[in-house]
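Each chain is listed here by its residues.
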Amino acid sequence: MNILILGGGGREHALAWAALQNPKCDKLIVAPGNAGIAQIATCARLDIEDGGAVAEFAGENAIDLVIVGPEAPLAAGIADRLADAGVLVFGPSAAAARLEASKAFTKEICAAAGAPTAASAHFTDHKAAADYVRAKGAPIVVKADGLAAGKGVIVAETEAQALDALDDMFGGEFGTAGAEVVIEEFMKGEEASLFVLVDGETCLPIGTAQDHKRIGEGDTGPNTGGMGAYSPAPVMTPEVEARAMDEIVRPTMAEMARRGTPYRGVLYVGLMIENGAPRLVEYNVRFGDPECQALMMRLGAQALDLIHACAEGRLDEARVHWADDHAMTVVLAANGYPGAYEKGQPIGGLDALPETAWEMTFHAGTKWSGGEVVSSGGRVLNCTARGASLAEARDRAYALVDAVDWPGGICRRDIGWRALGAAED
Ligand code: ATP
């Protein structure tokens, strides 16, 4: 099978690595890729949001399956264009990708399907929104409706913070994403994510994870794209997972199909769990980054079979074969991230890092420059490891971190603290 993966982060490096574990993968091209991906696959320059260009490229290169990594091309309709051109694609249509692109839409689907989520209201009028905040009081959550790269959500502890957030959003800080604002009830509990493959009809859970969004240890400081993750998430017991599937995922997916916009691809189900009861925080229409790195490490070669079965609508025949294992990924970021940081710093020690089914260093913001690997983004490397326990996975992942020679790199030393603390109690 000839495969094209769209994207160039740690998620796509992990997807590429997993695809290559499977003997069914003949040719692998990644667009645009990064320095690490370039060592295992062919990297292509391609505007991945230009559906026509990607379809043409897929035709010219006899691609049998396109795996779409990030959300932006999906929201722009890449899956529709590829399907029209007769190219098999893993990723939802633009209509189904609204589950991530519009929070108000997801709320409406949840209401129609009876899926538990935070009570909410949406507004296009600043004054009406402010009146609602004053009526409800704090804590309360204010969200720009559209895609805002994870920055359009304010969990306000005071009414004043919520009103400030409304000023920013209606003041245009998030562009058109903030023209409509969703205001939500604050949900208490522990957050975790569930990953589900959906082929329009069948929903197959393929793993759970927890990430660490904050830059600082102890989950402090500003939000980032994610500083580390581990899988499985202990809070997602089989009972909680079964409830999430029965009460949230299957009813909402059935509602999407009923509306003539069936969902196909991986669904990232962000959940808040309180006393064993899951409620939906958000849907994303792609794998999370860095959760994907931990998941791929656990799934290995079967990931490609599952993705292929999903794209072909054969999930009813598919099974996940679990080892009783754990995986963790630790993000090495550029000093200063998520604020201003330097790019172009050389990174040493990479050639000596072990690359096995137990430990892999996935590249995110890296590129080749003058024969060496240099940093080219905020999140740069994802040191990822598997183990029989989470503690073993953690020790292996941090051994990778310590072997990287990059004085300008920073990481959190406490990835997995919540799960590890619970395991050691
Ligand atoms: P991302 O995709 O980067 O996670 P997003 O912009 O899609 O972010 P959400 O996932 O909806 O936004 O919210 C971001 C975070 O804010 C959540 O992961 C959660 O920690 C918190 N949050 C969102 N909604 C609520 C809520 N109703 N109650 C409590 N916390 C919430």
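- The name recorded for the protein in an unreviewed UniProt entry is Phosphoribosylamine--glycine ligase, from Roseivivax marinus.
- The Pathway (unreviewed entry) field of the UniProt record for the protein holds the comment "Purine metabolism; IMP biosynthesis via de novo pathway; N(1)-(5-phospho-D-ribosyl)glycinamide from 5-phospho-alpha-D-ribose 1-diphosphate: step 2/2."

A word on the nonpolar core
Here's step 1: By size, the foremost hydrophobic cluster in this structure holds 50 residues, and its most contacted members are Val66, Leu99 and Met253.
Here's step 2: With seven residues, helix 9 (residues 238-258) is the single largest residue contributor to this core.
Here's step 3: Beyond its immediate chain neighbours, meaning those up to four positions away, Met253 contacts Leu99, Val198, Cys203, Tyr263, Leu267 and Tyr283.
Here's step 4: Cys25, Ile37, Tyr268 and Ala303 belong to the second-largest nonpolar core, a separate cluster that totals 44 residues.

Remarks on the environment of Thr384
Here's step 1: Here Thr384 is to be found in strand 21 (residues 379-387).
Here's step 2: Along the chain, Thr384 and Thr361 lie 23 residues apart, while their C-alpha atoms are 5.8 Å from each other.
Here's step 3: Looking at Thr384, its side chain comes within polar contact range of the main-chain oxygen of Asn382, at 3.0 Å.

Notes on the domain arrangement of the protein
Here's step 1: Each domain of the protein was delimited in the assignment, giving domain 1 (2-93) and domain 2 (125-179).
Here's step 2: The straight-line distance from the C-alpha centre of domain 1 to that of domain 2 is 36 Å.

Focus: the site of the ligand
Here's step 1: Within the structure, the ligand sits among 17 residues, and Lys143, Glu184, Met187, Glu191 and Glu282 are positioned closest to it.
Here's step 2: Residue Lys103 places a side-chain N or O atom 2.9 Å away from an oxygen atom belonging to the ligand.
Here's step 3: Here a nitrogen atom of the ligand sits 2.8 Å away from a polar atom, N or O, in the main chain of Met187.
Here's step 4: Contact with the protein chains removes 84% of the 600 Å² of surface that the ligand exposes when unbound.
Here's step 5: Those elements that provide at least two residues to the shell around the ligand are strand 7 (140-144), strand 8 (153-156), strand 9 (181-185) and strand 16 (277-284).
Here's step 6: Its residues assigned to classes, the shell around the ligand shows eight nonpolar, two polar and seven charged.

A look at the packing of helix 1 (residues 10-21) against helix 10 (residues 291-299)
Here's step 1: One way to put it is that helix 1 packs onto helix 10 with a least axis distance of 8 Å and a crossing angle of 10 degrees. Our classification of the angle between helix 1 and helix 10 gives roughly parallel. Here Gly10, Arg11, Ala14, Leu15, Trp17 and Ala18 of helix 1 come into contact with helix 10, specifically with Cys292, Gln293, Met296 and Met297.
Here's step 2: The residue makeup of the contact of helix 1 with helix 10, split by class, is seven nonpolar, two polar and one charged.

A few points about the pattern of salt bridges
Here's step 1: By the definition in use, this model includes 26 salt bridges.
Here's step 2: Ionic pairing is found between Arg379 and Asp289, a salt bridge with its closest N-O pair at 3.8 Å. Residue Arg379 is found in strand 21, and its partner Asp289 is found in the loop between strand 16 and helix 10; the two are separated by 90 residues along the sequence.
Here's step 3: Three or more residues are tied together by salt bridges with common partners; here these are Glu108, Glu255, Arg258 and Arg259.

Focus: the sheet that holds strand 2 (residues 27-32)
Strand pairing in a sheet takes place through backbone hydrogen bonds and is either antiparallel or parallel in direction.
Here's step 1: Across the sheet, which stays open at both edges, the five strands sit in the order 3-2-1-4-5 with parallel pairing between neighbours. Because the sheet does not close on itself, it has two edges, and the strands there are strand 3 (42-43) and strand 5 (89-90).
Here's step 2: Packed onto the sheet, helix 1 meets strand 1 (2-7), strand 2 and strand 4 (65-68) and runs at close to 165 degrees relative to strand 1.
Here's step 3: Each of strand 1, strand 4 and strand 5 is contacted by helix 11 (residues 302-311), which is oriented at about 100 degrees to strand 4, the strand it contacts most.

Some points on the environment of Glu60
Here's step 1: Positionally, Glu60 belongs in helix 2 (residues 51-60).
Here's step 2: Under the relative-accessibility criterion, Glu60 is labelled exposed at 58%.
Here's step 3: Remark: the alpha-carbon pair of Glu60 and His363, spanning 303 residues in sequence, is separated by 28 Å.

Considerations on the packing of aromatic side chains
Each aromatic ring pair is described using two quantities: the centre-to-centre distance and the angle formed by the ring planes.
Here's step 1: Taken as a whole and assessed by the stated rule, the structure comprises six aromatic pairs.
Here's step 2: When the centroid spacing of 5.0 Å and the interplanar angle of 85 degrees are considered together, the rings of Phe195 and Tyr268 count as edge-to-face. On the criterion of sequence distance, the pair formed by Phe195 in strand 10 (residues 190-199) and Tyr268 in strand 15 (residues 264-274) is long-range, its members being 73 residues apart. Residues Phe195 and Tyr268 agree in their burial class; the two are buried.

Rules of the game
Residues numbered from 1 in each chain as written. Predicted model: local features only at pLDDT ≥ 70, side-chain atom pairs only at ≥ 80, totals over all residues. Heavy atoms only, no water. UniProt positions renumbered as here; feature names shortened; annotations may be inferred. Core = buried A, V, L, I, M, F, W, Y, C linked by side-chain atoms within 4.5 Å. Buried < 20%, exposed > 50% of the residue type's maximum accessible area, 1.4 Å probe, protein only. Helix = DSSP H or I, 4+ residues; strand = E, 2+ residues; numbered from the N terminus. Contact = heavy atoms within 4.5 Å. Polar contact = N/O pair within 3.5 Å; in protein donor to acceptor, adjacent residues only side chain to side chain. Domains from an automatic or database assignment. Near = heavy atom within 4 Å. Areas by Shrake-Rupley, 256 points an atom, 1.4 Å probe, with all protein chains shown as cover. Nonpolar A, V, L, I, M, F, W, Y, C, P; charged D, E, K, R; others polar. Axes fitted to C-alpha atoms, helices over the stretch in contact; angles between N-to-C directions. Parallel < 35°, antiparallel > 145°, perpendicular 65-115°, else oblique. Salt bridge = Lys/Arg side-chain N within 4 Å of Asp/Glu carboxyl O. Pairing = 2+ DSSP bridges. Phe/Tyr/Trp six-rings, centres within 6.5 Å; stacked < 30°, edge-to-face > 60°.

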